[in-house]
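Commentary on secondary and tertiary structure
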Amino acid sequence: MFPAGFSYARAGSLADALSLLADAAASDEDARLLAGGQSLLPMMKLRLATPHSLIDIGGIPELTGVTRDGAGTTTIKAVTTYRALQHDPRVTAAFPALTDALAVLADQQVRARGTIGGCVAHGDPAADLPAVLLALTATVTLASRNGTRTAALDDFLQGVFATGLAPGEVLTAITLPAAPPGQAYEKFEQPASHLPLAGVCAVVTTGNGVITSAKVAVTGVAGRAFRALDTERSLASAQPTPAAIATAAARVGTGVRPLADQHASGPFRLHLAQVLARRALTRAVERAGAGAAGPDRSDEYPDASRTGRERR
Amino acid sequence: MPGSRDVTVEVTVNGTPHSAEVPARTLLVHFLRDRLGLTGTHVGCDTTQCGACTVALDGVAVKSCTILAAQASGHEVTTIEGLAQAGRLHPVQQAFWTEHGLQCGYCTPGMVLAVRQLLADNPDPSDAEIRAGLAGNICRCTGYQNIVAAARAAAARLREA
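What comes next is a walk through the structure.

About the thresholds
Residues numbered from 1 in each chain as written. Chains lettered and ligands numbered in written order. Predicted model: local features only at pLDDT ≥ 70, side-chain atom pairs only at ≥ 80, totals over all residues. Helix = DSSP H or I, 4+ residues; strand = E, 2+ residues; numbered from the N terminus. Expected span 1.5 Å × (residues − 1). Contact = placed C-beta atoms within 7 Å. Pairing = 2+ DSSP bridges. Axes fitted to C-alpha atoms, helices over the stretch in contact; angles between N-to-C directions. Parallel < 35°, antiparallel > 145°, perpendicular 65-115°, else oblique. Left-handed = near helix turned anticlockwise from the far one by under 90°. Nonpolar A, V, L, I, M, F, W, Y, C, P; charged D, E, K, R; others polar.

A look at helix H1 (residues 14–26) of chain A
Between its first and last C-alpha, H1 of chain A extends 18 Å over 13 residues, near the 18 Å set by a 1.5 Å rise per residue. Close packing links the buried residues of H1 of chain A with strand E1 (7–10), strand E2 (31–34), strand E3 (53–56) and strand E10 (170–176) of chain A.

Here we look at the sheet that holds strand E3 (residues 54–57) of chain B
All names here are of chain B. Read from one edge of the open sheet, five strands run E2-E1-E5-E3-E4, paired in mixed fashion. Bordering the open sheet on either side are strand E2 (16–23) and strand E4 (60–63), each of which pairs with just one other strand. Looking at each pair of strands side by side, their axes are set apart by 40° on average, direction ignored. In this sheet, strand E5 (residues 76–78) lies alongside E3 in antiparallel orientation, the contact comprising two bridges. For Leu 57, the partnering residue across the bridge sits in E5 and is Val 77.

So, the packing of helix H4 (residues 108–121) of chain B against helix H6 (residues 145–160) of chain B
Residues and elements named next belong to chain B. Where H4 meets H6, the axes come as close as 10 Å, and the angle between the chain directions of the two elements is 45°. Put simply, H4 runs oblique to H6. Between H4 and H6 lies a crossing whose hand is right-handed. Across from Met 111, Val 115 and Leu 119 in H4, the residues of H6 making contact are Ile 147, Ala 151, Ala 154, Ala 155 and Leu 158. Looking at side-chain class alone, the contact of H4 with H6 contains eight nonpolar, no polar and no charged residues.

Rendered as structure tokens:
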């Protein structure tokens, strides 16, 4: 399969990319930014996307890499690959849930090319990372010729393949505040695409035997990844017992109209989200060091997505 | 209009520099097969799932059906044809031979490149880690048992080397 014809330009810098975007807009062209291309090129081969031109921002040095400031805030530049993040010990130490997701995201070849910014800007409702980044309260940085703005990821994500990226803008970075060690990501994948039928990230802080803060986000279930606020409220000041976690996890889909496709019905996706929320919360609490909640695997069923894919 | 519909691709493949002007939409796998005649890299599913088209780009395994030749310009590609040195099979190739890690052989070039990558990242993987590393490669013949055995054997051989 071939994509429909297009013109190609490789940007050497962010300024170059912004200038090329402006050129495209001036000639009323549908231009798309190409980072790793692991989502866009397959869509183009299926003619689900037929841009007039591609502006290649992959590998631009100023858009690549991870930095961390004194307050523990981590900035991941947009075209940093999944592979680079997976092998970055600072990321593993600070964001174990991100490492959980990177280990089960697509496959090693796709991870070598796919980028975190490309994932977020693409707006795929079944991508893994938006759940993790929402639970970690990420913000995105967007550059245009008029300057730079930031937006909470929760505001940036809008719907199925829809984001707040304005014409002429480039998503340049994702910023994560320091996060507690109690975090985990769990998914149930569609085996051909490796995309989650549902995926849940939990980030938990505990103190004096109770949960002092919980952030839970879900992907693969609705038109965009979302924070499960009812679950979070249910956990506030609760003791991290299996019963409390189960009660909270059962509320993960409150108010959500789940999507359905040929792979899974809406109710099945919601069911998965509830099971995965319980697993993610249980593991997050374990990692938080609370110790009150033992692993609750009593009702697990054989999970095809995990066969042979145990974590190290 | 930014850019051009034809692009000059300058790429070093298996140590040999090549330069060619191709339509911008040319995928790396077609560039390798149709322009350079390196047909060891296979087109399987064409949807970024089966891994038959796996090559190494700057030493890292990638799916060449999901990369434009233009994106590879200025970089180095290694295909299955570039692994054997001086008539001696690469240890991963030899292990696929010895362990009979193939039947029809269609997926094998991609499998070999993928195993090479997973062993570079993890020289002593468990069977589960081998299977996880091969999540992006599909074989319709073998049931994977001998592919995993080949990866295990190659790991042992490379650790001794």
